[in-house]
Amino acid sequence: MPPTLVAQGLRKAYTLHGARLDILRGADLAAEPGETIAIVGRSGAGKSTLLHVLGGLDRPQAGTVRIDGRDLYALTARRRTALRAAKIGFVFQAYHLLPEMDITENVMLPAMALGRLGRAAMRSRAQDLLARVGLENRLRHTPLELSGGEQQRAAIARALMNDPPLLLADEPTGNLDATTGGAVLDLLFDLARERRAILVMVTHSPETAARCARTLTLRDGTLA
């Protein structure tokens, strides 16, 4: 079987105050099911941009991203959104939970976007995932009633809602203390391993990177 994720020749540039900033200059990446990959590099190197391109959130000026053989950026916006909902789970440093919803409803959001389950089935799966991440007693709490570590665990449950083959994590422990961050990482790696999902994680921590099977450095717009 081909790798689940193949990115080739990714180029991305921005114009800021009239100056062109080349962020990605031909970055390549391939990953197979069950693989864990750390992306490291100096601040401002474009690690988050790379993750957004891999996840279908930010179109590159050149290059391709294929997930299960399908070219993300050859799809219409609607089909790309559907593929992203089905195949990709995101875990962000800032959690991005909606404060007006309780965490069960937050976890249900990816399934709502996919539209394959009825509401009762969605709620049941969301609650099962929240129990898996240790939040079975917090189902009706809003994000503002949770600690940072609890919010990140809820965000991991949300990322797993549609059982995606690809997990993208952008500094998932950056806002957490060392003990809480370690527990969140343990959970993320365990869940990825159980599902044989690809885990691509941006991190500034050498210790976190060392837990991954491969470490790639983003330097001068390419991955080494």
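Residues numbered from 1 in each chain as written. Predicted model: local features only at pLDDT ≥ 70, side-chain atom pairs only at ≥ 80, totals over all residues. Heavy atoms only, no water.

Caption draft 1: Representation of the overall build of the protein in the model. Secondary structure assignment for the protein yields 7 helices and 10 strands. Taking 2.2 N^0.38 as the reference for a compact globule, 224 residues should give roughly 17 Å; the C-alpha atoms of the protein span a radius of gyration of 17 Å, in line with that estimate. Expressed along its principal axes, the backbone C-alpha trace of the protein runs to roughly 50 × 40 × 40 Å. With 224 residues in all, the protein has 49% of them scored as buried. The long-range fraction of contacts in the protein, counting pairs at least 24 apart against all pairs at least 6 apart in sequence, stands at 69%. Only carbon and sulfur atoms are counted for the fraction: they give 49% of the accessible area of the protein, which is about 10700 Å². (Helix = DSSP H or I, 4+ residues; strand = E, 2+ residues; numbered from the N terminus. Rg over C-alpha atoms; globule rule 2.2 N^0.38 Å. Buried < 20%, exposed > 50% of the residue type's maximum accessible area, 1.4 Å probe, protein only. Contact = heavy atoms within 4.5 Å. Areas by Shrake-Rupley, 256 points an atom, 1.4 Å probe, with all protein chains shown as cover.)

Caption draft 2: Representation of the sheet that holds strand β4 (residues 62-67). The 4 strands are arranged β2-β1-β4-β5 in an open sheet whose pairing can be described as antiparallel. Of all strands in the sheet, those with a lone pairing partner are β2 (19-31) and β5 (70-71), marking the two edges. Here β4 pairs with β5 via 2 bridges, running antiparallel. Looking at the pairing, I67 lines up with R70 of β5. (Pairing = 2+ DSSP bridges.)

Caption draft 3: Structural view of the pairing of strand β9 (residues 214-219). Of the strand pairs in this sheet, strand β3 (residues 36-40) and β9 are connected by 4 bridges, and their pairing is parallel. When the bridges of β9 are listed, I37 appears paired with R214. Inspection of the sheet shows β9 paired to strand β10 (residues 222-223) by 2 bridges, in the antiparallel sense. Among the inter-strand pairings, L218 is bridged to a residue of β10, identified as L223. The hairpin turn running from β9 into β10, its antiparallel successor, is 2 residues long, and D220 in that turn takes a positive phi close to 55 degrees.

Caption draft 4: Examining the environment of C212 more closely. By the secondary structure assignment, C212 is in the loop between α7 (206-210) and β9. Overall, C212 belongs to the buried group, its relative accessible area being 8%. Measuring from C-alpha to C-alpha, the distance between C212 and A113 comes to 30 Å, with 99 residues separating the pair along the chain. Not counting chain neighbours up to four residues away, the residues in contact with C212 comprise T36, I37, A38 and F189.

Caption draft 5: Here's a closer look at the sheet that holds β10. Reading across the sheet, the 6 strands line up as β6-β7-β8-β3-β9-β10 and stay open at both edges, with mixed pairing between neighbours. Edge positions in the sheet fall to β6 (88-92) and β10, since each has one partner strand and no second. Bridge count for β3 against strand β8 (residues 198-202) is 4 bridges, and the pairing is parallel. The residue bridging A38 from the neighbouring strand is M201, located in β8. Where helix α2 (residues 77-87) meets the sheet, its contacts fall on β6 and β7 (166-170), and the angle it forms with β6 comes to roughly 75 degrees. (Axes fitted to C-alpha atoms, helices over the stretch in contact; angles between N-to-C directions.)

Caption draft 6: Representation of the pattern of salt bridges. Scanning all chains against the criterion turns up 11 salt bridges. With its nearest N and O atoms 2.4 Å apart, the salt bridge here joins R132 to E194. Highlighted residues: R132 in helix α4 (residues 119-132) and E194 in helix α6 (residues 178-195), separated in sequence by 62 residues. A residue is classified by how much of its surface remains accessible, and R132, at 37% relative accessible area, is partly exposed. Between R211 and D186 there is a salt bridge, with its nearest N and O atoms 2.8 Å apart. Note that R211 is positioned in the loop between α7 and β9 and D186 in helix α6, a separation of 25 residues in sequence. Using a relative accessible area of 37% as the deciding quantity, one classes D186 as partly exposed. Here the residues in one salt-bridge network are R132, D163, E194 and R195, joined through shared partners. (Salt bridge = Lys/Arg side-chain N within 4 Å of Asp/Glu carboxyl O.)

Caption draft 7: Molecular detail of unusual backbone geometry. Despite not being glycine, D68 has its phi angle at roughly 50 degrees, a positive value. Considering the arrangement of structural elements, one finds D68 in the loop between β4 and β5. On the basis of relative accessible area, D68 is assigned to the partly exposed category, the value being 39%. Its identity is not glycine, yet D163 carries a phi of approximately 50 degrees, on the positive side. Topologically, D163 is positioned in the loop between α5 (148-159) and β7.

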